[in-house]
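# Summary of structural features
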Amino acid sequence: MEGNANLYAFLASGFPQDRSAVAIETPEQTYSWNDIETMSGRLASLLQALSLPPGARVAVQVEKSPTALMLYLATLRAGLVYLPLNTAYRSAEVEYFLTDAEPAMVVCDSKNLEWMEGIAKKAGTPHVYTLDQDGNGSLAVAAASQGDDFQTVQSKPDDLAAILYTSGTTGRSKGAMLSHRNLSSNAQVLKTFWGWRSDDVLLHMLPIFHVHGLFVASHGALLAGAKMIWLPRLNVDQALHYLPQSTVMMGVPTYYVRLLADDRFTRDVCSNMRLFISGSAPLLTETFQAFQTRTGMTILERYGMSETVMLTSNPYDASLGERIGGTVGLPLPGVSVRVVDEQENSLPAGEIGNVQVQGPNVFSGYWRMPEKTREEFTADGWFRTGDVGQFGGANAPDSYLTIVGRSKDLIISGGYNVYPKEIELVIDALPGVDESAVIGVPHPDFGEAVVAVVVPKPGQTLDADRILASLKDSLANFKVPKRVHFADALVRNTMGKVQKNALREQYKDL
Ligand code: MCA
Ligand code: AMP
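In short, a report on the structure. Quantities reported herein were computed from a predicted structural model and do not represent experimental measurements.

### Here's the deal with unusual backbone geometry
What is expected of a backbone is that most residues other than glycine have negative phi and most peptide bonds are trans. The backbone of serine 280 shows a phi angle near 85 degrees, a positive value even though the residue is not glycine. Following the sequence through the fold, serine 280 ends up in the loop between β12 (275-278) and α11 (285-295).

### Things to note about the pattern of salt bridges
Any two side chains of opposite charge can pair, on the condition that their charged atoms come close. Evaluation of the coordinates by the stated rule reveals 27 salt bridges. Residue arginine 264 is joined to aspartate 237 by a salt bridge in which the shortest nitrogen-to-oxygen separation is 2.6 Å. Taken together, the residues arginine 264 in the loop between α10 (253-260) and β12 and aspartate 237 in helix α9 (residues 236-242) connect sequence positions 27 residues apart. Residue classification places aspartate 237 among the partly exposed positions, given a relative accessible area of 48%. Three or more residues are tied together by salt bridges with common partners; here these are Glu63, Asp109, Lys111 and Arg233.

### A word on helix α15 (residues 500-507)
Those residues of α15 not exposed but buried are Lys500, Leu503 and Tyr507. In an axial view of α15, the angular spread of the buried residues amounts to 55 degrees, which keeps them on one side of the axis. Lining the buried residues of α15 we find α13 (420-428), β23 (433-443), β24 (447-456) and β25 (483-486).

### Looking at the side chain of serine 167
On the secondary structure map, serine 167 appears in the loop between β7 (160-166) and β8 (174-179). Excluding its chain neighbours within four sequence positions, the residues that come into contact with serine 167 are Arg172, Ser173, Lys174, Tyr419 and Glu422.

### Observations concerning the site of ligand 1
Of all residues adjacent to ligand 1, which total 24 residues, the nearest are Arg258, Ser280, Arg302, Ser413 and Asn477. Between ligand 1 and the protein, one listed contact pairs an oxygen atom with a side-chain N or O atom of arginine 258 at 2.7 Å. Starting from 1000 Å² of accessible surface for ligand 1 in isolation, the protein chains cover 74%. Where the shell around ligand 1 is concerned, the elements lending two or more residues are α8 (211-224), α10 and β13 (300-305). Here the residues of the shell around ligand 1 are counted per class, giving ten nonpolar, ten polar and four charged.

### Describing the sheet that holds β24
Ordered by their spatial adjacency, three strands build an open sheet running β23-β24-β25, and the pairing between neighbours is mixed. Only two strands of the sheet have a single partner each, and these edge strands are β23 and β25. The mean angle between the axes of side-by-side strands here comes to 25 degrees, regardless of whether they run parallel or antiparallel. Sitting on the sheet, helix α14 (residues 464-474) is in contact with β24 and β25, with an inclination near 130 degrees to β25. Taken strand by strand, α15 contacts β23, β24 and β25, and its axis lies near 60 degrees from that of β23.

### Things to note about the site of ligand 2
Near ligand 2 lie 16 residues; those nearest to it are Arg302, Ser306, Asp387, Lys408 and Asn417. Take arginine 302: an N or O atom from its main chain is 2.7 Å from a nitrogen atom of ligand 2. Counting residues per element, the shell around ligand 2 draws most heavily on β13, which supplies five residues. Tallied by class, the residues present in the shell around ligand 2 amount to six nonpolar, four polar and six charged.

### Notes on the packing of helix α4 (residues 91-101) against helix α5 (residues 113-123)
With their axes 9 Å apart at the nearest point, α4 and α5 run at an angle of 30 degrees to one another. Between α4 and α5, the crossing angle belongs to the class labelled roughly parallel. Here α4 runs over α5; the crossing is right-handed. The segment α4 lies against α5, with Ser91, Val94, Glu95, Leu98 and Thr99 engaging Trp115, Met116, Ile119, Ala120, Lys122 and Ala123.

### Overview of the sheet that holds strand β1 (residues 22-25)
Pairing is mixed in the open sheet, where nine strands are placed in the order β2-β1-β10-β9-β11-β12-β13-β14-β15. With partners counted over all chains shown, the strands left at the sheet margins are β2 (30-32) and β15 (330-331), one partner each. Relative to β13, β12 runs parallel, the two sharing two bridges. Among the inter-strand pairings, serine 278 is bridged to a residue of β13, identified as glutamate 301. Contacting β9 (201-204), β10 (227-230), β11 (248-251), β13 and β14 (309-313), α8 crosses the sheet at an angle of about 165 degrees to β9.

Cut-offs used in this document
- Residues numbered from 1 in each chain as written.
- Chains lettered and ligands numbered in written order.
- Predicted model: local features only at pLDDT ≥ 70, side-chain atom pairs only at ≥ 80, totals over all residues.
- Heavy atoms only, no water.
- Helix = DSSP H or I, 4+ residues; strand = E, 2+ residues; numbered from the N terminus.
- Salt bridge = Lys/Arg side-chain N within 4 Å of Asp/Glu carboxyl O.
- Buried < 20%, exposed > 50% of the residue type's maximum accessible area, 1.4 Å probe, protein only.
- Arc of directions from axis to C-beta.
- Contact = heavy atoms within 4.5 Å.
- Near = heavy atom within 4 Å.
- Polar contact = N/O pair within 3.5 Å; in protein donor to acceptor, adjacent residues only side chain to side chain.
- Areas by Shrake-Rupley, 256 points an atom, 1.4 Å probe, with all protein chains shown as cover.
- Nonpolar A, V, L, I, M, F, W, Y, C, P; charged D, E, K, R; others polar.
- Pairing = 2+ DSSP bridges.
- Axes fitted to C-alpha atoms, helices over the stretch in contact; angles between N-to-C directions.
- Parallel < 35°, antiparallel > 145°, perpendicular 65-115°, else oblique.
- Left-handed = near helix turned anticlockwise from the far one by under 90°.

Following this line, the structure appears as structure tokens:
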């Protein structure tokens, strides 16, 4: 019989022989590898008992907890499709995702149950459960009567494992469909490339509704059979407490900026650490250098996307080269990366162009958007990342990729992606607004901050605080502009397109 391509089965192949060893430590409790098997087994039994059809989506918007991780693993084990949602999303945003994905089951925090039930009903979702950060809720109650010995279902490599929504330039989010193969192949490659070891201890402080925290970090530790210190979010005091017992940490650049802003973050605190990894947004060279000076350690920067998981990485193994600040390193083994001009001809090192990629990690397409999927792939199967880069920039060897910008209109704030179009559509619909432009400006903590430039209708006076208050009702807080500015008109080019570069220049010193 062919082997099981189920991602959980693959991850479990890395669990240690001694299943009583600690797999997850939180400030309150520890969980063994046995606990991972039984807790995920019990939840998978529940999913199976509901007789959800193969490929059914399980949408989850819950606070980070060990049980939330078990629910993810249970979904994989039951052969269903995991659909994580950022806890910051407001009901209007969640409604879009549920209507689009038509999940068979939704799991939410009990404080959101009332509105979630309403949305689930509209989306035709039959099963709604609650899971709170402490592990309590109707999911735990329902799972309690289930057996914990679950036979992980057989999956084929191309079966869907997860759908991750990523916003689109049109303002409409797209669900990137990731298969068991996409995720397993990437986990395997990273295990070797980053030298994961069973005696590693991962300091896990990232949210688990995105690729970075859910896949890159968790899969790495699980496949290595390494312990995770599991914290609900970045908290510098807690990080300083746990770093001396950790060997690996992953974060978006803001995590490193915040650690460096604290004088207690010293070389001593990091003396047990083997590897600091940064990604999801550009790491400023000044942060990279300040980190080296403070700790004597060199951050490893890597690059990826929701659609592709990880694509390139600076080397861990010094025999492959140095880690060079300002670059995102080498294409990972098995991943092909090319830089092309507008006619899609490959460019030599040193020339800037569009970054395109191929590999077993690249997704199969956007959920129910065949047209959009076709647009994002070339005829010969390369995925257009929307990032602009060059090989051999930043005085690096020609094999290193440098990301120099984006052709997509995207802001990355504290590692979260914000698509200006989505915010502009909401602002433009407010009374008294003629039009708006949303831009990203440099921000010392978040890397980029969202700023809105709003043109009132003739004769109208608008109030920035009121605009912000109404945006907060319908948009996740990280998308809400940090500032609103008013202008008489937006500068446009001869094609009528708003000149965002000019606006970014004008507001860059905010
Ligand atoms: C929180 N706020 C933010 C952000 N986070 N505003 C802008 N950008 C943000 N990222 C809001 C808060 O709601 C609050 O608003 C105010 O800003 C200040 O919040 P603060 O307490 O400073 O925030 P925090 O709770 O400490 O969170 C900041 C954070 C967090 C720790 C940087 O955003 C975070 O964990 N980011 C990681 C994102 C991530 O995992 N990205 C991976 C995507 P108010 O004052 O109104 O209440 S995966 C990916 O990109 C790919 C594929 C890849 O390559 O990895
Ligand atoms: P998402 O798919 O929404 O998680 O965001 C993916 C995008 O994040 C990429 O297309 C890049 O624009 C950006 N990104 C991720 N890692 C890096 C990095 N190390 N440097 C620059 N941009 C990055």
